[in-house]
Amino acid sequence: MADMHSYTDEIDRLADEIINLARWRTRLEPIPLGRPAKPADLARAAGRTITEAGIGGHEALRIFRDVLAPACLSPDFTRYLAFVPAAPTEIAVLFDLVVAAFSIYGGSWVEGGGAVHAENEALRWIADLAGMPPEAGGCFVAGGTLGNLSALVTARHEAGLRRSPEHPRPARWAIAATAAAHSSVASAAQVMDADMVEVPADSRGRLSGPGLSEVLEREGERIFAVVATTGTTNIGLIDDLATVGPLCRERGVWLHVDGAYGGAALAASSCRPAFAGIENADSFIVDPHKWLFSPFDCCALLYRAPEAARRVHGHHAPYLEILSEQGEWNPSDYAVHLTRRARGLPFWFSLATHGTAAYEQAIETSLVVARDAAEEIRCRSYLELVMEPSLSIVVFRRRGWERTDYRVWSERMLMEGEAFVVPTTHEGESVLRLCIVNPRTTRQDIALILDSLA
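What you see is a predicted model; the values in this text were computed from it and never measured.

(A) Representation of the sheet that holds strand β8 (residues 383–385) within the structure. Here we have four strands laid out as an open sheet, ordered β8-β9-β11-β10, and antiparallel in their pairing. Two strands lie at the open edges of the sheet, namely β8 and β10 (423–426), each paired on one side alone. Between one strand and the next, the sheet's axes are offset by a mean angle of 45°, whatever the strand orientation.

(B) Looking closely at the packing of aromatic side chains. On inspection of all chains with the given rule, the structure shows 14 aromatic pairs. Taking 4.1 Å as the distance between ring centres and 5° as the angle between the ring planes, the aromatic pair formed by F95 and F349 counts as stacked. Of this pair, F95 sits in helix α4 (residues 90–101) while F349 sits in helix α13 (residues 345–354), placing them 254 residues apart in sequence. Consider the rings of F347 and Y359, whose centres lie 6.3 Å apart with planes at 75°: the pair is edge-to-face. A residue pair is termed long-range when its members are at least 10 positions apart, and F347 in helix α13 and Y359 in helix α14 (residues 356–378) qualify at 12 residues. One exposure class covers both F347 and Y359, and it is buried. Ring-pair connections join several aromatic residues into one group, and the members of that group are W125, F140, F293, F347 and Y359.

(C) Highlighting unusual backbone geometry. Going from E29 to P30, the amide bond is cis rather than trans, its omega being 0°. With respect to the element layout, P30 can be found in the loop between α1 (9–27) and α2 (39–46). Residues F296 and D297 are joined by a peptide bond in cis, for which omega reads -10°. Its identity as a non-glycine residue notwithstanding, S103 has a phi of 50°, on the positive side. By the secondary structure assignment, S103 is in the loop between α4 and α5 (109–129). With phi around 55°, L391 is a residue other than glycine that occupies positive phi space. Residue placement: L391 occurs in the loop between β8 and β9 (393–398).

(D) Seen up close, the pairing of strand β2 (residues 174–177). In β2, alternate side chains face the same way, and those of A174 and A176 on one face and I175 and A177 on the other are all buried. Read from β2 through helix α7 (residues 183–191) to strand β3 (residues 195–198), the crossover connection turns out right-handed. Pairing analysis gives three bridges linking β2 to strand β4 (residues 223–229), with the strands arranged parallel. Across the sheet, A174 pairs through a bridge with I223, a residue of β4.

(E) Structural context of the pattern of salt bridges. Scanning all chains against the criterion turns up 36 salt bridges. Here D297 and R343 are joined by a salt bridge, their closest N and O atoms 3.2 Å apart. One end of the pair, D297, is in the loop between α10 (288–291) and β7 (299–303); the other, R343, is in the loop between α12 (321–324) and α13, with 46 residues separating them in the sequence. Notably, a salt bridge pairs R412 with E416, separated by 3.6 Å at the nearest N-O pair. It is possible to trace a salt-bridge network through shared partners that takes in R172, D193, D195, R218, E219 and R222.

What counts and how
- Residues numbered from 1 in each chain as written.
- Predicted model: local features only at pLDDT ≥ 70, side-chain atom pairs only at ≥ 80, totals over all residues.
- Heavy atoms only, no water.
- Pairing = 2+ DSSP bridges.
- Helix = DSSP H or I, 4+ residues; strand = E, 2+ residues; numbered from the N terminus.
- Axes fitted to C-alpha atoms, helices over the stretch in contact; angles between N-to-C directions.
- Phe/Tyr/Trp six-rings, centres within 6.5 Å; stacked < 30°, edge-to-face > 60°.
- Buried < 20%, exposed > 50% of the residue type's maximum accessible area, 1.4 Å probe, protein only.
- Right-handed = clockwise from strand over helix to strand, strands pointing away.
- Salt bridge = Lys/Arg side-chain N within 4 Å of Asp/Glu carboxyl O.

See the structure below:
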């Protein structure tokens, strides 16, 4: 029986194939969109892959390359504008191979101190953009959903510590946010058995101080956290942090800022004024795998006072105590996780390689294309902007169309490999939405999509 853990000549040949495939995909231009496959067709084309004897690495790689990979959409395709796409730098993708090859455990300093140091350098850059104090810190988690949950668990624990016999805990804790907050916030509330209290949005659809003040007065101390958003996923709105932040400070309520998509725009000089007040955040997330050009999966989770997170997330067990005896920085102590890969390293490597100025330029490029898209829409009589672009999301309607028309068009564009754009709903109306985060997406890409709607 062959030893799976021996590096044989056969494995060496296979390694060359794998590395060449990764290099080919990284250099591929243009990147194809891909096409979804029906389950039965995929099962027939791939055949049975898990067998007692194994099918061999070369055959498994062939099946992946020729059958499985083409049935996966490419978020880095220039006209993939649905949901929130991804556009990892080539150097970040290649370094992800290195991270896996080094088999780094990124949960503790004693096991992965070098990796943790590098990740913390990248986190410090983000913290500085958000105006967080020098002691701020956190870790990288799998995505915004886990980041939001981890921050809110910390917020509730801190609120509980402030209770006393004279001021007991409420029967039901609650989180305050507008209806535009990401669905993961409501999911976190459900996991935590807490209530969601909706804050009426202002005339621009944002969370703002006046609306929040009314809710805090009515709900009292059962509100343990306020969730503001910098770049709502549907239309890209930035909440009014300039009025929300000071109010939360005054009331002693934890302010969590969900910047999973839009927080990256802090790196763009043209956008920074829109984030005024973010320096008041007690916790903040941004996903580098969205608009900071990192591979999946990577969310930066930061705390103003990391010790608050460590109090609730720190792990205690006889076999783990050695990890905390020296007081070193253990990423496993700052989120709902223990085992973790050093998922921040590809982001760090790309940031260190290219420099922060290149990141600002790439984000500014997406913002320019979003404004160009709005202009292209205004030039077409059959289209109408729903609102001026906020960040890099453009929402518009095709005059005379209903949801079925949008869906038929969207499916045709996907199956033809032309674009991936899906309808959304805004104020009860079916509309189209473009989310532009890929610096390679051009005005010509947008024009091709818009022309197809004629």
